[in-house]
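Spelled out from the first residue to the last, the chains are:
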Amino acid sequence: MKVVLFCGGYGMRMRNGASDDVPKPMAMVGPRPLIWHVMRYYAHFGHKEFILCLGYGAHHIKDFFLNYEETTSNDFVLRGGRTELLSTDIADWTITFAQTGIESPIGERLRRVRHHLDGDEMFLANYADVLTDAPLPEMIEKFAQRDAGASMMVVPPQSSFHCVELGEDGLVGGITAVSELPLWENGGYFVLRQEVFDHIPENGDLVADGCAQLAKRGRLVAHQHRGFWKPTDTVKERAALDEAYARGDRPWAVWERDGAGANAGMRTA
């Protein structure tokens with residue numbers, strides 16, 4: 001299935017000043033940027049046709065893949081001055097780079113790449129900055145068996161704050177951690193049918209417009225995931241993932257846990 005990734009946001013909370021124009025998906029976690037980790041996740045499960053919805057800082061993403069260095073994350077042999085790769089990352093990926101506007105909402109970005117989907121009934125979509133170990137084949141299979149227009153992964157609330165119940169005269173009746181409330185958050189990792197385009201107006205949003213309208217019609221399903229899921233909206237969150245990577249604590253790297261997969265094999269760079 002084709003994978004649409006939204007890569008065009010400013011990522012203001014990740015920037016180090018006005019001169020920093022690197023988009024959030026290019027923030028580093030270990031030796032590779034966030035977008036690479038997200039794409040490796042999908043590729044591990046056999047989904048290697050990517051459509052990147054570019055916007056702010058698009059040249060950084062283009063340059064990364066145009067000048068991709070396989071030896072950064074693959075073992076290799078240097079023989080006679082030539083590099084022989086023992087495995088590869090992206091040799092069998094197809095990546096479409098589509099400029100979808102600097103200010104476009106996510107729904108509009110999706111609308112602008114619709115023609116790249118070739119009319120496929122189902123496709124995948126996601127933000128390019130959220131990591132998870134969610135069982136993608138299970139999500140797809142469950143959705144394929146449902147009569148629905150979209151599926152979105154949902155996760156428990158991530159806030160560390162507490163909610164306070166107030167009674168008369170300002171007396172506190174109880175304190176509950178947000179994470180313990182019977183609520184779910186949008187976790188990205190969408191499985192979509194073409195039907196979603198019927199509910200996204202020009203300059204509309206995927207969730208607030210497309211998914212909300214499908215929900216009203218009983219056409220939206222959720223995949224509940226209680227496992228690993230981490231967004232990277234801030235420098236602190238990105239740094240935490242980078243530190244986890246350094247100490248070998250990277251549950252999102254399902255390609256490491258499950259073996260090298262189909263990309264293994266000797267290649268000459």
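Residues numbered from 1 in each chain as written. Predicted model: local features only at pLDDT ≥ 70, side-chain atom pairs only at ≥ 80, totals over all residues. Heavy atoms only, no water.

As recorded in an unreviewed UniProt entry, the protein chain goes by Glucose-1-phosphate cytidylyltransferase and comes from Streptomyces cynarae.

(A) Local environment of a nonpolar patch on the surface. Together, Val164, Leu166, Val172 and Ile175 make up a nonpolar patch on the protein surface, roughly 410 Å² of accessible area in all. Those elements that place two or more of their residues in the nonpolar patch are strand 11 (162-166) and strand 12 (172-177). Summarising the element assignment, isoleucine 175 is placed in strand 12. For isoleucine 175, a relative accessible area of 58% gives the class exposed. (Patch = residues over 30% accessible without salt bridge, like charges linked within 9 Å, V, L, I, M, F, W, Y side chains within 5 Å. Areas by Shrake-Rupley, 256 points an atom, 1.4 Å probe, with all protein chains shown as cover. Salt bridge = Lys/Arg side-chain N within 4 Å of Asp/Glu carboxyl O. Helix = DSSP H or I, 4+ residues; strand = E, 2+ residues; numbered from the N terminus. Buried < 20%, exposed > 50% of the residue type's maximum accessible area, 1.4 Å probe, protein only.)

(B) Just the layout of surface pockets, in detail. Of the pockets and cavities examined, the largest pocket occupies roughly 840 Å³. Contributing to the lining of the largest pocket are 35 residues, with Lys24, Val130, Pro231, Asp233 and Glu237 lying nearest its centre. Of all the secondary structure elements, the ones that give two or more residues to the lining of the largest pocket are strand 1 (2-7), helix 3 (106-112), strand 13 (185-186), strand 16 (229-231) and helix 6 (235-246). When residues of the lining of the largest pocket are assigned to their parent elements, the largest contribution, 5 residues, is made by helix 6. (1 Å grid on protein atoms, 1.4 Å probe; cavity = no way out; pocket = protein on both sides within 12 Å on 5 of 7 lines; lining within 4 Å. Points joined across faces, edges and corners; volume = space filled by probe spheres on them.)

(C) Structural context of the nonpolar core. Among the nonpolar cores identified, the biggest contains 70 residues, and Val4, Leu5, Tyr42, Leu52 and Leu110 are the most heavily contacted of them. Leave out the neighbours within four places in its chain, and tyrosine 42 touches Val3, Leu5, His47, Phe50, Leu124, Ala125, Asn126, Leu136 and Tyr189. (Core = buried A, V, L, I, M, F, W, Y, C linked by side-chain atoms within 4.5 Å. Contact = heavy atoms within 4.5 Å.)

(D) Inspection of helix 2 (residues 58-66) at higher detail. All of the buried residues in helix 2 are Ala58, Ile61, Phe64 and Phe65. One face of helix 2 carries all of its buried residues, which in axial projection span an arc of 130°. Contacts from the buried residues of helix 2 go to strand 1, strand 3 (32-33), helix 1 (34-44), strand 4 (49-54) and strand 7 (94-99). (Arc of directions from axis to C-beta.)

(E) Structural detail: the environment of lysine 62. Along the polypeptide, lysine 62 turns up in helix 2. Linking lysine 62 and leucine 110, residues 48 residues apart in sequence, is a C-alpha distance of 19 Å. Not counting residues within four places of it along the chain, the set of residues in contact with lysine 62 comprises Leu54 and Phe97.

(F) Representation of the pattern of salt bridges. Considering all chains together, one arrives at 18 salt bridges under this definition. For the salt bridge of glutamate 84 with arginine 79, the shortest nitrogen-to-oxygen distance reads 3.0 Å. Taking the relative accessible area as the measure of exposure, glutamate 84 reaches 17% and is therefore buried. On the accessibility criterion, arginine 79 (49% relative accessible area) is partly exposed. Between glutamate 121 and arginine 193 there is a salt bridge, with its nearest N and O atoms 3.2 Å apart.

(G) Expanded view of the pairing of strand 11. In terms of strand pairing, strand 11 meets strand 12 through 5 bridges, oriented antiparallel. Residue pairing across strands places glutamate 165 opposite glycine 174, the latter belonging to strand 12. Between strand 11 and strand 12, which follow one another and run antiparallel, lie 5 residues, and aspartate 169 among them has a positive phi close to 65°. (Pairing = 2+ DSSP bridges.)

(H) Looking closely at the pairing of strand 5 (residues 76-79). Of the strand pairs in this sheet, strand 5 and strand 6 (residues 82-87) are connected by 4 bridges, and their pairing is antiparallel. Across the sheet, phenylalanine 76 pairs through a bridge with leucine 85, a residue of strand 6. Two successive antiparallel strands, strand 5 and strand 6, enclose a turn made up of 2 residues, where glycine 80 displays a positive phi of approximately 60°.

(I) Layout of the packing of aromatic side chains. Throughout the structure, instances matching the rule amount to 14 aromatic pairs. Centroid distance phenylalanine 123 to phenylalanine 197: 5.9 Å. Interplanar angle 25°. Geometry classified as stacked. Of this pair, phenylalanine 123 sits in strand 8 (residues 122-127) while phenylalanine 197 is found in the loop between strand 14 (190-193) and helix 5 (206-216), placing the two residues 74 residues apart along the sequence. Pair check on accessibility: phenylalanine 123 and phenylalanine 197 agree, each one buried. Cluster of aromatic residues (ring-pair linked, three or more members): Tyr41, Tyr42, Phe45 and Tyr189. Over the face of the ring belonging to tyrosine 245 we find arginine 250, whose NZ or CZ atom lies 4.0 Å from the ring centre. (Phe/Tyr/Trp six-rings, centres within 6.5 Å; stacked < 30°, edge-to-face > 60°. Lys NZ or Arg CZ within 6 Å of the ring centre and 35° of its normal.)

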